[in-house]
Amino acid sequence: MNIMPFIDLLLVLSSSTIQIQMHKKSKSTTRSVQLVTKFKRVLSISLVFLLFTLVVFSGVPITSGEATSTKECRASYIPVSLNKLLPKNEKVYAELCLPKGQKPDTVLVLLHGITYDHHYWDLPGFNHKYSYVDAVTKKGYATLNVDRIGSGKSSHPLSAKVDIFSDAWVAHQLIQALRKGNIEGPKGKIAFQHVIEVGHSYGSGITWIEASKYHDVDAVILTGALRDIRYDTLIKKITPSLYPASLDPKFELLEQDVGYLTTRPGTRYKAFMAPADVDPEVIKLDEKLKSTVTTTEMADIPLIINKKRDIRVPILIVLGEFDTLFCNGVSDCSNAEIIKKRERPHFGPNVPSFDAFVLPEAGHDINFMKNASDWFNYSLKWLDKQKATFKQAK
């Protein structure tokens, strides 16, 4: 459906009305300016509503801007509820990507961390160097890359309603929708036989709880998260970097409640990437693409860390060697064997296999490291092993 005529009409109306207000004789110039401002606000809302409606009801095919892309994707808004007793009044923005010309039976659900959105897993530009989505779709896997509720293009309900338990419940709904074939792909709906849950940082915390409670995935990959968090770093680095999103130039027009937070300009490298050597252009783009977190999600971090886990599928843990949130003093992240020995007992007695990988000289945000492809490739080898066991289990 061509939406340009609708946009052109709204822009013409806007221009005409503004001209009328500028030329109309009035006793109060201030009143005229106020009317113009209000109309422009209504125009903006109308445009957003129009685009939102078209996407929700039809889905929008998207493709990478790079000519070398081997994936095809479809963006859509998936209806979800925040708990079992509520109606599905919220919307999750999701991009379902498949290898071109293929219908894989395995899909990875990608859950980002705080103040991020789906771009963490699919950073645009740089010839796909920092895109996990591109790396795994090239090898035959599908991905569902989402903006969690309260982040990016997804619904922003009252911030107090968004916590670790609503996050886990929403993830469970997405997983069920993938298994039932209820999510629109590039060429229609597709049902997946195998679902692997992949989290980063807070997204790994969601995976801990979701996989332990619902037992609905075939394997999990946990990145940027260990049981032992450096609370001194959380207090000294992360918490001071946060402030109400409504005070930030990027989010001020959203008029969000004060329970939505984002990072102060210029603080993201120190909070999430230091001390690693990161491309300055990546840092700049990350600032531009930043998103939000709720105060209730932040308050849940100790609960996530200490909650008992009962995961019954294969686990892969990936950490940056110099992750200042979980390593460098509290936990030794110098090699995978140390991590496996320390972390394995915390996931319950029914984990069939447990593996770990340490990305050398990397900070917390491993996807933005110059050597990110090393962990991408390691995870793909691990995924292939799991896929082989899926076939043997048939």
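Note: the structure precedes this text.
Residues numbered from 1 in each chain as written. Predicted model: local features only at pLDDT ≥ 70, side-chain atom pairs only at ≥ 80, totals over all residues. Heavy atoms only, no water.

(A) The pairing of strand β11 (residues 260-263), seen in detail. Going residue by residue along β11, you find Y260 and T262 tucked away on one face and L261 and T263 tucked away on the opposite face as well. Pairing analysis gives three bridges linking strand β10 (residues 242-244) to β11, with the strands arranged antiparallel. Paired with P244 across the strands is L261, a residue of β11. Sheet topology note: the β11/strand β12 (residues 293-294) ladder contains two bridges and is antiparallel. Bridging from a neighbouring strand, Y260 pairs with T294 of β12. (Buried < 20%, exposed > 50% of the residue type's maximum accessible area, 1.4 Å probe, protein only. Helix = DSSP H or I, 4+ residues; strand = E, 2+ residues; numbered from the N terminus. Pairing = 2+ DSSP bridges.)

(B) Structural detail: helix α11 (residues 336-343). Residues of α11 that are buried include every one of A336, I339 and E343, and no others. Along the long axis of α11, the arc covered by the buried residues comes to 65 degrees, so they all point the same way. What points out from α11, more than 90 degrees from its buried face, is the exposed set E337 and K341. Against β13 (315-320) and β14 (354-359) lie the buried residues of α11. Backbone nitrogen of E337 and a side-chain oxygen of the N-cap are separated by 3.1 Å at the start of α11; the cap is N335. (Arc of directions from axis to C-beta. Contact = heavy atoms within 4.5 Å. Polar contact = N/O pair within 3.5 Å; in protein donor to acceptor, adjacent residues only side chain to side chain.)

(C) Inspection of the sheet that holds β10 at higher detail. Reading across from one edge, β10-β11-β12 is the order of the three strands in this open sheet, with antiparallel pairing throughout. Two strands lie at the open edges of the sheet, namely β10 and β12, each paired on one side alone.

(D) Just the nonpolar core, in detail. Residues Y132, I317, W375 and L383 are the most contacted members of the largest nonpolar core, which totals 108 residues. Top contributing element to this core by residue count: helix α4 (residues 164-180), with eight residues. With sequence-adjacent residues up to four places away left out, Y132 is seen in contact with L108, L110, W121, I221, N367, W375, F376, S379 and L383. (Core = buried A, V, L, I, M, F, W, Y, C linked by side-chain atoms within 4.5 Å.)

(E) View of empty space enclosed by the protein. Using the criterion set out here, one finds four cavities of 30 Å³ or more in the structure. Its boundaries defined by the atoms lining it, the largest cavity holds a volume of some 180 Å³. In terms of lining residues, the largest cavity is bounded by 16 residues, among which S201, Y202, I229, I301 and F326 are the most central. Looking at the lining of the largest cavity, its residues break down into 13 nonpolar, three polar and no charged. Estimates place the volume of the second largest cavity at around 60 Å³. (1 Å grid on protein atoms, 1.4 Å probe; cavity = no way out; pocket = protein on both sides within 12 Å on 5 of 7 lines; lining within 4 Å. Points joined across faces, edges and corners; volume = space filled by probe spheres on them. Nonpolar A, V, L, I, M, F, W, Y, C, P; charged D, E, K, R; others polar.)

(F) The state of the cysteines, seen in detail. Following the criterion strictly, the structure yields two disulfides and no others. For C73, the disulfide goes to C97, at an S-S distance of 2.0 Å. Sign of the S-S torsion, about 110 degrees for the bond between C73 and C97, identifies this disulfide as right-handed. Taken as a pair, C73 in strand β2 (residues 71-80) and C97 in strand β3 (residues 90-99) lie far apart in primary sequence, 24 residues in all. For the pair C73 and C97, a shared accessibility class is recorded, and that class is buried. Disulfide partner of C327: C333, at an S-S distance of 1.9 Å. Residues C327 and C333 share a disulfide whose torsion about the S-S bond is about -80 degrees; that sign makes it left-handed. Like C327, the residue C333 is buried in the burial classification. Taken in sequence order, the bonded cysteines of the protein link in the pattern 1-2, 3-4. (Disulfide = S-S within 2.5 Å.)

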